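# Descriptive structure summary
Here is what each chain is made of, one letter per residue.
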Amino acid sequence: MKLIRCKDYDEMSQIAANIVASQITLKPDSILGLPTGGTPVGMYKILSEKCAAGEISFEEVTTFNLDEYYPIKRENDQSYWYFMNKNLYSRVNLRPENINIPNGEASDPQKEGARYDAKIEAMGGIDLQVLGIGPNGHIGFNEPDCCLIAGTHQTSLTDATIDANARFFAKREDVPTSALTLGLGNIMKAKRIIMLVSGKNKSKVLNQIFEGKVTCENPATMLLMHPCVTIIADEDALNG
Ligand code: GLP
């Protein structure tokens, strides 16, 4: 596991954007795994600007998002589809047919999980998975639990995650309590992973990773078992 120390959020975003940009420069038909949340917004802005400036192209890129609330309609302004469209997809030259997000409107979440997994496999797997991390150590929506699931699945959100995500909603009661997420097996199969970590509220779970023990209480510690992970963390997260 490699660590890149950044002075602040902006430097973290710039470094992450540079890594994604070099990935798609070296392999124009890259398969990217992408996260939502506040953390990657700066990275998406820089990538959009690089694309507008003609420095990079998403024309042959395929994306798979990590997760989506469930059930939720795509056009709901709280859906991750809406978030991704606003922050990246409407701002770069990705082909709509190359964008994949778990379907929050699927009638059968189990079937939707199997469909999503099969599509990732059929495409040859994720080349670069970008991750954020929840204040409780969740990645995607893989919450702390004694049972960690390998494939894409429906999951209940913990109170801690509902609290953390309430800032994006008018009131806490509006936060969905369930989601579809890639499983830890999907994430671990990615060829390369970068994880962006910013803010003092992430320092506890970040330090748990550095302790070197894989635990179900902090699902992100699973990344210790992956051969190619780079953590890009700002000073607040490192010293919080
Ligand atoms: C959300 C997403 C995660 C994200 C995490 C951190 O709930 N499901 O994929 O990494 O929480 O979000 P933030 O970057 O806003 O702290």
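On a predicted model such as this, the values are computed, not experimentally measured, just so you know.

For the rest of this paragraph, the subject is the overall build of the protein. When you go through the protein residue by residue, the secondary structure sums to eight helices and 10 strands. Compactness check: the protein gives a C-alpha radius of gyration of 17 Å against a globular reference of 18 Å for 240 residues, within 12% of the reference. Along the first, second and third principal axes, the C-alpha set of the protein runs to 45 × 45 × 35 Å. Burial status across the protein gives 54% buried among its 240 residues. Considering only residue pairs separated by 6 or more positions, the protein has 79% of its internal contacts joining residues 24 or more positions apart.

Take the environment of D10 next. By secondary structure assignment, the location of D10 is in helix α1 (residues 9-26). Judged by relative accessible area, D10 falls into the exposed class, the value being 56%. Remark: the alpha-carbon pair of D10 and N93, spanning 83 residues in sequence, is separated by 24 Å.

Here the focus is helix α3 (residues 80-89). Residues Y80, F83, M84, N87, L88 and Y89 constitute the buried set of α3. The arc enclosing the buried residues of α3, seen along the axis, measures out at 145°, which places them on a common side. The elements touched by buried residues of α3 are β2 (31-34), α2 (41-52), β3 (62-65), β4 (67-69), β5 (99-100) and α5 (159-165).

Attention now moves to the site of the ligand. Neighbouring the ligand are 16 residues; G38, T39, D67, R167 and K202 lie closest to it. Measuring from an oxygen atom of the ligand, one finds a backbone N or O atom of G38 at 2.7 Å. A distance of 2.8 Å is found between a nitrogen atom of the ligand and a side-chain nitrogen or oxygen belonging to D67. Protein coverage of the free-state accessible area of the ligand, which is 390 Å², stands at 96%. Residues belonging to the shell around the ligand are distributed by class as follows: five nonpolar, eight polar and three charged.

The two faces of strand β8 (residues 178-181) match: S178 and L180 on one face and A179 and T181 on the other face are all buried. For strand β7 (residues 153-156) and β8, the ladder comprises four bridges, and the chain directions are antiparallel. Among the inter-strand pairings, Q154 is bridged to a residue of β8, identified as L180.

Our next topic: the pattern of salt bridges. Applying the stated rule across the entire model yields 12 salt bridges. A salt bridge links R115 to E112; its shortest N-O distance comes to 2.8 Å. One end of the pair is R115 and the other is E112, both in helix α4 (residues 109-122) and three residues apart, which spans about a single turn. For E112, a relative accessible area of 6% translates into the label buried. Here the salt bridges do not stand alone but share partners, grouping K27, D29, D127 and K191 into one network.

Pairing between sheet strands relies on hydrogen bonds along the backbone, with the strands arranged either parallel or antiparallel. The strand order across the open sheet formed by seven strands is β1-β10-β9-β6-β2-β3-β5, and the pairing between neighbours is parallel. Looking at strand neighbours, the two that pair on one side only are β1 (2-6) and β5, the edges of this open sheet. Examined bridge by bridge, β2 and strand β6 (residues 128-131) share two bridges and lie parallel to one another. Counterpart to G33 in the pairing with β6 is Q129. Across the sheet, α1 is in contact with β1, β2, β6, β9 (192-197) and β10 (229-234); its angle to β9 comes to roughly 165°.

What follows concerns the sheet that holds β8. An order of β4-β8-β7 is seen for the three strands of this open sheet, with the pairing classed as antiparallel. The sheet is open, and its two borders are formed by β4 and β7, each paired with just one other strand. For this sheet, the mean inter-axis angle between neighbouring strands, taken without regard to orientation, is 30°.

Tallied over the entire structure, the rule returns five aromatic pairs. Ring centres of F64 and Y116 lie 5.5 Å apart, and the angle between their planes is 80°; this geometry places the pair in the edge-to-face category. Taken together, the residues F64 in strand β3 and Y116 in helix α4 connect sequence positions 52 residues apart. Taken as a pair, F64 and Y116 share a single burial class, namely buried. Aromatic ring contacts, followed pair by pair, group Y69, Y80, F141 and F169 into a single cluster.

What counts, and at which threshold
Residues numbered from 1 in each chain as written. Predicted model: local features only at pLDDT ≥ 70, side-chain atom pairs only at ≥ 80, totals over all residues. Heavy atoms only, no water. Helix = DSSP H or I, 4+ residues; strand = E, 2+ residues; numbered from the N terminus. Rg over C-alpha atoms; globule rule 2.2 N^0.38 Å. Buried < 20%, exposed > 50% of the residue type's maximum accessible area, 1.4 Å probe, protein only. Contact = heavy atoms within 4.5 Å. Arc of directions from axis to C-beta. Near = heavy atom within 4 Å. Polar contact = N/O pair within 3.5 Å; in protein donor to acceptor, adjacent residues only side chain to side chain. Areas by Shrake-Rupley, 256 points an atom, 1.4 Å probe, with all protein chains shown as cover. Nonpolar A, V, L, I, M, F, W, Y, C, P; charged D, E, K, R; others polar. Pairing = 2+ DSSP bridges. Salt bridge = Lys/Arg side-chain N within 4 Å of Asp/Glu carboxyl O. Axes fitted to C-alpha atoms, helices over the stretch in contact; angles between N-to-C directions. Phe/Tyr/Trp six-rings, centres within 6.5 Å; stacked < 30°, edge-to-face > 60°.

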